[in-house]
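# Residue-level structure breakdown
One letter stands for each residue in the lines below.
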Amino acid sequence: AQSVSQHNHHVILSEAASLELGCNYSYGGTVNLFWYVQYPGQHLQLLLKYFSGDPLVKGIKGFEAEFIKSKFSFNLRKPSVQWSDTAEYFCAVMNYGGATNKLIFGTGTLLAVQP
Amino acid sequence: EAGVAQSPRYKIIEKRQSVAFWCNPISGHATLYWYQQILGQGPKLLIQFQNNGVVDDSQLPKDRFSAERLKGVDSTLKIQPAKLEDSAVYLCASDPGGRTYNEQFFGPGTRLTVL
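Residues numbered from 1 in each chain as written. Chains lettered and ligands numbered in written order. Predicted model: local features only at pLDDT ≥ 70, side-chain atom pairs only at ≥ 80, totals over all residues. Heavy atoms only, no water.

## Remarks on the side chain of Arg-64 of chain B
- Tracing the backbone shows Arg-64 of chain B in the loop between strand 6 (53-56) and strand 7 (65-68).
- The contacts of Arg-64 of chain B, once residues within four sequence positions are left out, are Lys-78, Ile-79, Gln-80, Pro-81, Ala-82, Lys-83 and Asp-86 of chain B. (Helix = DSSP H or I, 4+ residues; strand = E, 2+ residues; numbered from the N terminus. Contact = heavy atoms within 4.5 Å.)

## Remarks on the state of the cysteines
Residue and element names in this part refer to chain B.
- With the rule as written, the count across this model stands at two disulfides over all chains.
- Between the sulfur atoms of Cys-23 and its disulfide mate Cys-92 the distance is 1.9 Å. Here the disulfide of Cys-23 and Cys-92 is left-handed, its torsion about the S-S bond being about -70°. Of the two residues, Cys-23 is situated in strand 3 (residues 19-24) and Cys-92 in strand 9 (residues 88-95); the sequence distance between them amounts to 69 residues.
- Owing to a relative accessible area of 0%, Cys-92 belongs among the buried residues under this scheme. (Disulfide = S-S within 2.5 Å. Buried < 20%, exposed > 50% of the residue type's maximum accessible area, 1.4 Å probe, protein only.)

## A word on the pattern of salt bridges
Residue and element names in this part refer to chain B.
- According to the stated counting rule, one finds seven salt bridges over all chains in the structure shown.
- Notably, a salt bridge pairs Arg-64 with Asp-86, separated by 2.5 Å at the nearest N-O pair. Here the residue Arg-64 occupies a position in the loop between strand 6 and strand 7, and Asp-86 occupies one in the loop between strand 8 (75-79) and strand 9, the gap between them amounting to 22 residues. Per residue, the accessibility class of Arg-64 equals that of Asp-86, and both read buried. (Salt bridge = Lys/Arg side-chain N within 4 Å of Asp/Glu carboxyl O.)

## Concerning the packing of aromatic side chains
All names here are of chain A.
- Taken as a whole and assessed by the stated rule, the structure comprises 14 aromatic pairs over all chains.
- When the ring of Tyr-36 is compared with that of Phe-105, the centres are 5.7 Å apart and the planes differ by 55°; the resulting orientation is tilted. With Tyr-36 in strand 5 (residues 31-38) and Phe-105 in strand 11 (residues 104-105), the pair connects residues that are 69 residues apart, well separated along the chain. Judged on exposure class, the residue Tyr-36 and its partner Phe-105 are both buried. (Phe/Tyr/Trp six-rings, centres within 6.5 Å; stacked < 30°, edge-to-face > 60°.)

## Things to note about the sheet that holds strand 8 of chain B
Residue and element names in this part refer to chain B.
- Spatial strand order, 1-3-8-7: four strands in an open sheet with antiparallel pairing. At either end of the open sheet lies a strand with only one pairing partner, and these are strand 1 (5-7) and strand 7. Taking the axes of each pair of neighbouring strands and ignoring which way they run, one obtains an average angle of 15° across the sheet.
- Where strand 7 meets strand 8, four bridges bridge the pair, whose relative direction is antiparallel. Pairing of Phe-65 across the sheet is with Ile-79, part of strand 8. (Pairing = 2+ DSSP bridges. Axes fitted to C-alpha atoms, helices over the stretch in contact; angles between N-to-C directions.)

## Digging into the pairing of strand 10 (residues 87-95) of chain A
Residues and elements named next belong to chain A.
- Among the nine residues of strand 10, seven are classified as buried, and the element is accordingly described as predominantly covered.
- Bridging between strand 5 and strand 10 involves eight bridges; their strand directions are antiparallel. Each residue of the ladder has a partner; that of Trp-35, found in strand 10, is Cys-91.
- Strand direction decides the pairing type here: strand 10 and strand 12 (residues 109-114), joined by three bridges, are antiparallel. If you follow Glu-88 over to strand 12, its bridge partner there is Leu-110.
- Relative to strand 11, strand 10 runs antiparallel, the two being bridged by two bridges. Within strand 11, the position partnered with Val-93 by the bridge is Ile-104.

## Digging into the nonpolar core
- Counting 28 residues, the largest nonpolar core has Leu-33, Trp-35, Leu-48, Phe-74, Leu-76 and Tyr-89 of chain A as its most contacted members.
- Of all the secondary-structure elements, those providing two or more residues to this core are strand 2 (10-14), strand 3 (19-21), strand 5, strand 6 (44-50), strand 8 (64-68), strand 9 (73-78), strand 10 and strand 12 of chain A.
- For Leu-76 of chain A, the contacting residues outside a window of four places in its chain are Leu-19, Glu-20, Leu-21, Trp-35, Leu-47, Leu-48, Phe-63, Glu-64, Ala-65 and Tyr-89 of chain A.
- Counting residues in each nonpolar core, the second largest holds 21 residues, with Val-4, Ile-13, Cys-23 and Ile-79 of chain B among its members. (Core = buried A, V, L, I, M, F, W, Y, C linked by side-chain atoms within 4.5 Å.)

## Here we look at unusual backbone geometry
Residues and elements named next belong to chain B.
- Note the cis peptide between Ser-7 and Pro-8, where omega equals -10°.
- Omega for the peptide link from Gln-80 to Pro-81 comes to -5°, which places this bond in the cis form.
- Structurally, the position occupied by Pro-81 is in the loop between strand 8 and strand 9.
- Phi at Arg-16 is positive, roughly 80°, even though this residue is not glycine.
- Mapping Arg-16 onto the fold places it in the loop between strand 2 (10-13) and strand 3.

Pasting the structure below:
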């Protein structure tokens, strides 16, 4: 069965530092990949997604992610973080063509940005 | 556009008691999901509805959990009787439906504490 690994559980950065959060999935084939973010006290919301085409996808608030099929990875990056990026980040995978649109989530990475 | 609504936001019960959660999806969204998010983990799908029919309930503990979406709009998730390990945030999400991927929109969740 599909699974998602996020290796960084807690990350603490200073403002202006660069960010990279790792995400790996276990099962090959055609997949749809997502990063969701949950800011303190707010709902889960979509940050960016990959379906096909250019493996470098750009999302909201300056985030981007790169799909590397050979490594089963979809790492999230931001060149310069801000205090407002403090949130929990979830990577998620959906197996394409399945009977359901089931999202398989990773365990999340809690990012704290210090001013 | 109004988002996904859930109530109550918080609930504290004792083990072996019953509890029900309510979700009203975004207007016109055919697909509705219930996820369970235990502390320190990512959301896990419990059940998916397409209109008023169940598409996937493979991870729903059917001996104690039940869910319905009788008129294809709002939905209720019930736990009877609750166990300590049911303490979690219960998230409802919805999307427009169809076989191609649609972004899932999440509600604020109901935080359940079982004592």
